[in-house]
Amino acid sequence: MFPRSFTDTQSSNIENTRFSTWVLRGYMSVEDSQATEVLFQQVIDNICEAFRPQDDLGDTVELIQPVQARTIGYSMLGKPDSGILCHSAELVLQVQEFYQN
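This report concerns the structure included in the present document. (Residues numbered from 1 in each chain as written. Predicted model: local features only at pLDDT ≥ 70, side-chain atom pairs only at ≥ 80, totals over all residues. Heavy atoms only, no water.)

Concerning the nonpolar core
Step number 1: Counting 10 residues, the largest nonpolar core is built from Phe40, Ile44, Cys48, Val61, Ile64, Val67, Ala89, Leu91, Leu93 and Val95.
Step number 2: Among the elements of the structure, helix H1 (36-50) and strand S5 (84-100) are those that each provide at least two residues to this core.
Step number 3: At 4 residues, the largest contribution of residues to this core is made by S5. (Core = buried A, V, L, I, M, F, W, Y, C linked by side-chain atoms within 4.5 Å. Buried < 20%, exposed > 50% of the residue type's maximum accessible area, 1.4 Å probe, protein only. Helix = DSSP H or I, 4+ residues; strand = E, 2+ residues; numbered from the N terminus.)

Notes on unusual backbone geometry
Step number 1: One non-glycine residue, Ala35, lies in the positive phi region at around 55 degrees.
Step number 2: Tracing the backbone shows Ala35 in the loop between strand S2 (15-29) and H1.

Regarding the environment of His87
Step number 1: Locating His87 in the fold gives a position in strand S5.
Step number 2: Considered as a pair, His87 and Gln54 are 33 residues apart in the sequence and their alpha carbons are 27 Å apart.
Step number 3: At 2.8 Å, the side chain of His87 and the side chain of Thr36 are in polar contact.
Step number 4: Of note is the side chain of His87, whose polar atom sits 3.4 Å from the backbone nitrogen of Glu37. (Polar contact = N/O pair within 3.5 Å; in protein donor to acceptor, adjacent residues only side chain to side chain.)

Some details on the pattern of salt bridges
Step number 1: Taken as a whole, this structure holds 4 salt bridges when the rule is applied.
Step number 2: Ionic pairing is found between Glu90 and Arg25, a salt bridge with its closest N-O pair at 2.9 Å. In this pair, Glu90 is assigned in strand S5 and Arg25 in strand S2, connecting sequence segments 65 residues apart.
Step number 3: On the basis of relative accessibility, which here comes to 15%, the residue Glu90 falls in the buried class.
Step number 4: Glu90 serves as the salt-bridge partner of Arg70, at 3.2 Å between the closest nitrogen and oxygen. Linking Arg70 in strand S4 (residues 68-77) with Glu90 in strand S5, this pair joins segments that are 20 residues apart in sequence.
Step number 5: Taken together, the shared-partner salt bridges in this structure form one network comprising Arg25, Arg70 and Glu90. (Salt bridge = Lys/Arg side-chain N within 4 Å of Asp/Glu carboxyl O.)

Printed below as a string of structure tokens:
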């Protein structure tokens, strides 16, 4: 897995700061009788909670920012005339790293 994008800026004459943006996408089929809207929101909340407090991910990065939800809604997956209606979400995680030149 690779970051979706990153910015790299010079922090000093020997160090750069990189902010990488990771995108997490999730889908769950809609089942009104199962109250999947509530369940899907709980999954999103659990993901956000898993990255809180913002730390260094086991010393692999300098700092992570809070998870942001770009979109939470519905998507049709599969063939246009026989697709499956799904809950969908796109979450974003920004990570800060330092690199020595």
